Amino acid sequence: AGYAVDPSLAIPNVAPPSPPPSGYKHTLSESQILLALDAAMATFHLHVESRIASLCGQGFYTIGPCGEEMLGSIGHVLDPQFDAMALHYRHLSASIVRQLRLGRSME
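Residues numbered from 1 in each chain as written. Predicted model: local features only at pLDDT ≥ 70, side-chain atom pairs only at ≥ 80, totals over all residues. Heavy atoms only, no water.

Peer 1: Quick one: what's the story with the overall build of the chain, residue by residue and with numbers?
Peer 2: From N to C terminus, the chain includes three helices and zero strands. Each helix (α) and strand (β) of the chain, taken in turn from the N terminus, gives the series α-α-α. Counting only residues that meet the buried cut, the chain has 20% of its 107 residues in that class. For the chain, the proportion of contacts with a sequence separation of at least 24, taken over those separated by at least 6, is 48%. (Helix = DSSP H or I, 4+ residues; strand = E, 2+ residues; numbered from the N terminus. Buried < 20%, exposed > 50% of the residue type's maximum accessible area, 1.4 Å probe, protein only. Contact = heavy atoms within 4.5 Å.)

Structure representation (structure tokens):
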């Protein structure tokens, strides 16, 4: 049994977006994409570990991830040494990318 999509919610005659005629100017390299994915997986793992610690009475984590794992690409835009970064759990993936760019380990 699958989910039925209400046809009245569909937007008629709308094509998906096309790339710009001259192509994309700002893209991530393969190594940047892989680093952002590593940060995304680490972020998710830290959320899970925090939730487990909370359930064991060893922490206070009560919320789960909401997609911020994929914000790691922001860490490629910011200068890891000079740009300010908020210390907030929703910025974890971007913070991990910044630290990895500086050569720091996740270990």
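Peer 1: Just give me the short version of a nonpolar patch on the surface, but keep the residues and values in it.
Peer 2: Together, Leu-28, Ile-33, Leu-34, Leu-37 and Met-70 line one region of the surface with nonpolar side chains, adding up to about 430 Å² of accessible area. Tracing the chain through its elements places Leu-28 in the segment before α1 (30–55). (Patch = residues over 30% accessible without salt bridge, like charges linked within 9 Å, V, L, I, M, F, W, Y side chains within 5 Å. Areas by Shrake-Rupley, 256 points an atom, 1.4 Å probe, with all protein chains shown as cover. Salt bridge = Lys/Arg side-chain N within 4 Å of Asp/Glu carboxyl O.)

Peer 1: Outline the packing of α1 against helix α3 (residues 92–101), supporting the account with residue identities and numerical values.
Peer 2: The N-to-C vectors of α1 and α3 enclose an angle of 130°; their axes lie 8 Å apart at closest approach. In terms of orientation, α1 and α3 fall into the oblique class. In the packing of α1 onto α3, the handedness of the crossing is right-handed. Facing Leu-35, Ala-36, Ala-39, Ala-40, Ala-42, Thr-43 and Leu-46 of α1, the residues of α3 in contact are Leu-92, Ser-93, Ile-96, Val-97 and Leu-100. The residue makeup of the contact of α1 with α3, split by class, is 10 nonpolar, two polar and no charged. (Axes fitted to C-alpha atoms, helices over the stretch in contact; angles between N-to-C directions. Parallel < 35°, antiparallel > 145°, perpendicular 65-115°, else oblique. Left-handed = near helix turned anticlockwise from the far one by under 90°. Nonpolar A, V, L, I, M, F, W, Y, C, P; charged D, E, K, R; others polar.)

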